[in-house]
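Spelled out from the first residue to the last, the chains are:
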There are 2 protein chains.
Amino acid sequence: MDCGDLLGLRGLLEPRGVAVVGASSNLESISGRPLKLLMRYRYQGGIYPVNPNRESIGGLRCYRDLLEVDGPVDVALVAVRANLVPQVIRQCSQRGIGFAVVFSSGFAEGGDQALQEEVIREAEAGGVRVLGPNCQGLVNLAKGIPLSFSASLDTDRFTGGSPGGIAYVSQSGAFGFASFACASDMGARFRYVVTTGNQGDLDTVEVSRALLEDPEVRMLMMYLEGVRDSERLVELLKAARGKGVPVGILKAGRSASGSEAAKSHTASVAGDQRVWRAVLEQHGAILLEDLEDISSLGLMCGAPRPRGSRVGIVTTSGGAGIMMADLCSERGLAVPKLNPNAAERISRVIPPFGSPVNPVDVTAQVINDPLGLKECLEAVRDSGDVDMISVVISMITGEAGLKTAQQVAEFAKTCDMPLLCSWLIDQEHGGEFIELLRENHVPVLRSLRQSAWTLKALCDSSSSLDLGSSGSLAPFRVPEGLMGGVLTEHEAKGVLKAAGVPVTREELAVTLEDALRSAERIGYPVALKVMSREIPHKTDAGVVALGVRGAEELKEAYRTVMARALEVPGAKIEGVLVQEMVKGLECIVGVKRDPVFGPVVAFGLGGVFVEVLGDLAIRKAPVFVDEALEMVDSIKASPLLGRFRGRGALDKRALAEAISAISRLALDERVLELDVNPLFVMEEGKGVVCGDALINLGE
Amino acid sequence: MDCGDLLGLRGLLEPRGVAVVGASSNLESISGRPLKLLMRYRYQGGIYPVNPNRESIGGLRCYRDLLEVDGPVDVALVAVRANLVPQVIRQCSQRGIGFAVVFSSGFAEGGDQALQEEVIREAEAGGVRVLGPNCQGLVNLAKGIPLSFSASLDTDRFTGGSPGGIAYVSQSGAFGFASFACASDMGARFRYVVTTGNQGDLDTVEVSRALLEDPEVRMLMMYLEGVRDSERLVELLKAARGKGVPVGILKAGRSASGSEAAKSHTASVAGDQRVWRAVLEQHGAILLEDLEDISSLGLMCGAPRPRGSRVGIVTTSGGAGIMMADLCSERGLAVPKLNPNAAERISRVIPPFGSPVNPVDVTAQVINDPLGLKECLEAVRDSGDVDMISVVISMITGEAGLKTAQQVAEFAKTCDMPLLCSWLIDQEHGGEFIELLRENHVPVLRSLRQSAWTLKALCDSSSSLDLGSSGSLAPFRVPEGLMGGVLTEHEAKGVLKAAGVPVTREELAVTLEDALRSAERIGYPVALKVMSREIPHKTDAGVVALGVRGAEELKEAYRTVMARALEVPGAKIEGVLVQEMVKGLECIVGVKRDPVFGPVVAFGLGGVFVEVLGDLAIRKAPVFVDEALEMVDSIKASPLLGRFRGRGALDKRALAEAISAISRLALDERVLELDVNPLFVMEEGKGVVCGDALINLGE
């Protein structure tokens, strides 16, 4: 298999030779174990321990320093004291070693940012790429190359057999390899595990992007505490989507206490968690939160893509079947009844006290007729009513258990949809059956909740692969000539109108006579609002009059609002905005610049929905109209946009177009903040109108 | 240990002799395994196989029928064809056998309700209590007595050692024993497992109530598909609370597909799931939804009660510590920083790149100085800053792993708060350490999410034990003399007023002159509403006038609403209600009769909150004022009842008193339905007022 130069990282992932700098003769220690592992995995390249105090370690000749090493070397594993690392990097450069994997701790994570910067400076100057520092290295299981001290690799289980298709990249070394070990125990089969630690140079995103170049990688999982460049993360997610590779991401540091800990752990900035979640989901990533998720999603690596969200449940325990139906339904998966033909086919092999619909309860009778199970599974598969199959087996033991496992394994070979087996049994009675299933690459879990989660994750990931927005949306530039700072409402609406967002009919009047004429043109009732950059909070300042019904009222109102405006010290008054009065459902569309992801757009309903309930949909800008429609449908209050209390459905399409237009405006770096509040939404066909808006262009 | 007669079930749980009716000579079959198990567990009472076709089975003399059996027998295990069961029950009665455990299937669950009723009739007539039919029996692990065919018991693990304190009662036999087996694998230690199947006679509630009489039972877990008598369930929960025994309940059949399956599985009616959840939580039960929950909660059986919700996290992996902090925080647990003294004590033993606050990251350095871990654990325990301790260990292996396990086990003995260990390691490298911890009764899980869930469940359960409403609330009776059916608003408010709920000032006028005088007394503005039992939907019928500001307007409005009322065919008009106009936050308090739990009270905010967002708090009536306050605080929109947009906090106390009063009214069986909508809530000290109400007293 040739996969190019893996975007320049081939040398790191498949080195011709490996030096271990600071190699210890204690092969169980952190600086000894890398040697032990290379030998245990029978690494075919050269292995070069570097330790000036030893002649040889583990039968290998020891070198005084890297310069003394003969033969081709692509990677130096560095396990020396932190303050010695810069010098080692320099030697890598002199020796032409392209990659340094730095295990040593005591850099940015312990407060010594300067030392880390020194290392990176040396590396950049010398053309050396660095993994770490403060990482646990990596393993390439496709080629059987361990470049790590992790005890999880100190086993024979990974040296035989065929490697799997999971690429796993973790910022945390300890968690990365521990979760890898636990997931492997559950039967997940990995291809690469790479830990990036402090990410002085190589980060999870760059490494993941390179691994995606290997066509045998069928699933990508990442543990992140933060990212340096969110654009590259988004590009990575798009690339994975383009290749049809599902991506699971565990973003740690979501809570206040967690994010503070993350800062000291790998010196990461956590960012706004709602934005993280929104952006990852927007780009089709599966959100993980526990090593259980890594295990169970990993088990489905290479499974067929589900064509929909309908689950067929086949069980030997009525109770467990009901639970699984509950857990699937509660996550939005369907558990439809089977059609009469399928039910009839099943009825022929199950006892009358079983159930042939869905969940299909074959009962513990399967103990006596174990061939019935396979027949039932086939009937469910062929029914045309389901997209995924969940097999839930209880305490079926002994001979019957073995036959059950064999049948499920055999069925799995012919199953063209995702299949997940949940076997509720203890190790003593069922360990061998679960082992048999795993050997046959049938995913098995014990937890029903985890099973339901896994099917849902697969299903979401599959439908997001279908979505993948193609094309791009160009930024809309704020027209030239506008002064910086917070625009007046009239200026802001001018920008929005130019960007394609409908705004209220309005005219800026500089005299009372102007205002009267404007009101005639617009038609009463009107609103009057004094425009001044120095009065951004117009209502608080009392310079707004609403529902002005005629010329007399207007004169009165004009005088009142102007008088109040003139009381504001230093306010330069541009005029009075005469504006039509509009009715509709009040929505809010906002833009802010997230410290991690840049411009993001938020949508919600006015009133208490955003303020009290936090009922918001967030996306990274730009947002296509289809995505904006999804945003609109995703808020909890979305039923209010449909037919409601006697009025017709509202104009969601126009709303989505406005959100999309605003998102393009958000791409202009000048726009620091933008709030359209309210955006009135009218009935279908009648569009939307921006009622008020605030734009901050910065200084 | 003497625990009385276990409410009459001692004979079932500790029989002097056991007959196995329909015993098979195939000791691996359903009807043979009960014998095998009794012998394997060295059951000390008499064992009597009944099978007319055999002389002996497994070395035991076989009997033709029950009548032939000599010696004392308390339990007959029944494994014959369904249609033979009534006759066996008759023989039990004749023979004076108090209990029949019926394994046989083919009764209500398969549609043959009549046969099941026959069995129960025979049993009642003959003084025999029945477990099942369609159950898998029970096991008393305290005395080592298996009365079951479950393969989960076919092991030596339960015959030695000390039994635990968990009583587990499951309607589903297959799921019950499967989850018991899996939980035992995780280290949970059970005392009783009882499965009730179709619950023809004994049900989960009665059995659980009896097991609570055993003072060694320290935790109760139940798997329910439905209950026959919800009052007894509530009594059970109160009894458990009184004894300080936490109760975990897995209610299956929550979803539409699950509840339909439950109906056919054990013939249970599922009921409204929101009410189920609310009532269980109201009475302090921990809601379970997976066998993982049974395992992990079971591990905490006998743990000290946490005094609060603060978690101290001690970890060898920064990444895993961050995740645990996230998972705890997201569930509402606190992860507070440790005080400087504690942090200082920890700093002395961890390396500088660790973290001494919380999560405490001792780093993998613990490999080199494994005594540091115990010191850190003690510092966290003694800090005064936490109520529970979570130890999160990554891939610590070999000698260091062993020492780590030993230290945690030793620390556990001195730990006066709940301690839960999460060790992220595979079986090959860590199996022995986890085993060591389990032998020392230290709870160990792999999943961090499950660990966080478990701590939260413990914490909730503990605080609910503190709450336990004492005393009782008497029903409030609807005053005599009211005709049945849907009352008019004025009648309904009369009832509410009598029950102690403030209502609007209002008078029923029968002439225009009356109405004018009433309005003078009440003070303008007023509302006019025509009262007629035949016009329950007043606004739709146009017989309401709001905000009437003076005598002239009143005359006009009076004529309008009366004219409209007179157009309603057959409407008997009682008069026009003249009512003060009130302003306040509009809430809704409703009462309905749940098919399972009887009268329940629901509270939510008016407008779209209940209708669109389903933002409701539900409790079984009656509700104490303190509980009502909890209801008020539990809805998502509750911030609206606090200080908001310039106005002061609202009168929650008065609101809670009104909810409590309404809940007492709900106890009158005549009240089929009651809706107070709106209930206006004013600022603190200004109370609440019922603006409109509907009461249906039925026919």
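All of these numbers come straight from a predicted model, not from anything done at the bench. (Residues numbered from 1 in each chain as written. Chains lettered and ligands numbered in written order. Predicted model: local features only at pLDDT ≥ 70, side-chain atom pairs only at ≥ 80, totals over all residues. Heavy atoms only, no water.)

A. Representation of the interface of chain B and chain A within the structure. Contacts between the two partners involve 83 residues from chain B and, on the opposite side, 85 residues from chain A. Among the residues of chain B in contact with chain A, Ile322, Met323 and Arg449 of chain B are the three that bury the most area, contributing 10% of the side total. Where chain B packs against chain A, one counts 12 salt bridges. Ionic pairing is found between Asp426 of chain B and Arg157 of chain A, a salt bridge with its closest N-O pair at 3.8 Å. Joining chain B to chain A, the criterion identifies 39 residue pairs in polar contact (both at pLDDT 80 or more). Residue assignment for the side of chain B that touches chain A shows that the elements contributing at least two residues are α5 (173-185), β13 (247-251), α8 (256-266), α10 (291-299), α11 (318-330), α15 (427-439), α16 (448-467) and α21 (608-611) of chain B. Here the element with the most residues in the side of chain B that touches chain A is α11 of chain B; it accounts for 10 residues. The residue inventory of the side of chain B that touches chain A, partitioned by class, reads 33 nonpolar, 24 polar and 26 charged. (Contact = heavy atoms within 4.5 Å. Buried area = accessible area lost by both parts, 1.4 Å probe. Salt bridge = Lys/Arg side-chain N within 4 Å of Asp/Glu carboxyl O. Polar contact = N/O pair within 3.5 Å; in protein donor to acceptor, adjacent residues only side chain to side chain. Helix = DSSP H or I, 4+ residues; strand = E, 2+ residues; numbered from the N terminus. Nonpolar A, V, L, I, M, F, W, Y, C, P; charged D, E, K, R; others polar.)

B. Highlighting the relation of the copies chain B and chain A. Laying chain B over chain A is done by rotating through 180° and shifting 0.0 Å along the axis; what remains is an RMSD of 0.2 Å. Such a combination of rotation and displacement between the chain copies is what one expects of a two-fold axis. Taking C-alpha positions as the reference, the residue of chain B nearest the rotation axis is Phe609 of chain B, at 4.9 Å. (Least-squares fit on C-alpha atoms with pLDDT ≥ 70 in both.)

C. Seen up close, the sheet that holds strand β18 (residues 419-423) of chain A. Residues and elements named next belong to chain A. Strand order across the open sheet formed by five strands is β16-β15-β17-β18-β19, with parallel pairing between neighbours. Each end of this open sheet is capped by a strand with a single partner; those strands are β16 (360-361) and β19 (444-445). Two elements, strand β17 (residues 388-393) and β18, share five bridges in a ladder whose sense is parallel. Across the sheet, the residue bridging to Val392 is Ser422, located in β18. Along the sheet, helix α14 (residues 398-413) makes contact with β17 and β18, crossing β18 at roughly 165°. (Pairing = 2+ DSSP bridges. Axes fitted to C-alpha atoms, helices over the stretch in contact; angles between N-to-C directions.)

D. Here's a closer look at the packing of helix α7 (residues 230-243) of chain B against helix α9 (residues 273-282) of chain B. Residue and element names in this part refer to chain B. As a packed pair, α7 and α9 sit with axes 10 Å apart at the nearest point and diverge in direction by 30°. By the angle class used here, α7 and α9 are roughly parallel. Here α7 contributes Leu233, Val234, Leu237 and Arg241 to the contact with α9, which in turn contributes Trp276, Val279, Leu280 and Gln282. Across the contact of α7 with α9, the residue classes break down as six nonpolar, one polar and one charged. (Parallel < 35°, antiparallel > 145°, perpendicular 65-115°, else oblique.)

E. Molecular detail of the domain arrangement of chain A. Residues and elements named next belong to chain A. When the domains of chain A are assigned, the result is domain 1 (6-299), domain 2 (311-429), domain 3 (505-580) and domain 4 (585-696). Placing a centre on the C-alpha atoms of domain 1 and another on those of domain 4 gives a separation of 41 Å. Taken over both partners, the interface formed by domain 1 and domain 4 buries close to 1100 Å², and the fraction arising from carbon and sulfur atoms is 66%. Broken down residue by residue, the surface that domain 1 buries against domain 4 is led by Ser230, Val275 and Gln282, which jointly contribute 43%. A salt bridge links Glu231 to Lys620, with the nearest nitrogen and oxygen atoms 2.8 Å apart. In this assembly, domain 1 and domain 4 are joined by three residue pairs in polar contact (both at pLDDT 80 or more). Of all the secondary-structure elements, those providing two or more residues to the side of domain 1 that touches domain 4 are α7 (230-243) and α9 (273-282). Here the side of domain 1 that touches domain 4 takes six residues from α9, the largest share from any one element. Partitioning the side of domain 1 that touches domain 4 into residue classes produces eight nonpolar, four polar and three charged. (Domains from an automatic or database assignment.)

F. Here's a closer look at the sheet that holds strand β22 (residues 544-548) of chain B. Residue and element names in this part refer to chain B. Taken together, four strands build an open sheet; the order of strands is β20-β23-β21-β22 and the sheet is antiparallel. Looking at which strands have only one partner, the edges of the open sheet turn out to be β20 (506-509) and β22. On average, each strand axis in the sheet is inclined to that of its neighbour by 20°, with strand direction left out of account. When strand β21 (residues 526-531) meets strand β23 (residues 575-580), the two strands line up antiparallel, connected through six bridges. In the sheet register, Leu528 faces β23, and the bridge partner there is Val578.

G. Quick look at the environment of Asn140 of chain A. Residue and element names in this part refer to chain A. Tracing the chain through its elements places Asn140 in strand β8 (residues 137-140). Relative accessible area serves as the criterion here: at 0%, Asn140 is assigned to the buried category. When the C-alpha atoms of Asn140 and Ala167 are compared, they prove to be 9.4 Å apart, with 27 residues separating the residues in sequence. At 2.8 Å, the side chain of Asn140 and the backbone oxygen of Leu13 are in polar contact. (Buried < 20%, exposed > 50% of the residue type's maximum accessible area, 1.4 Å probe, protein only.)

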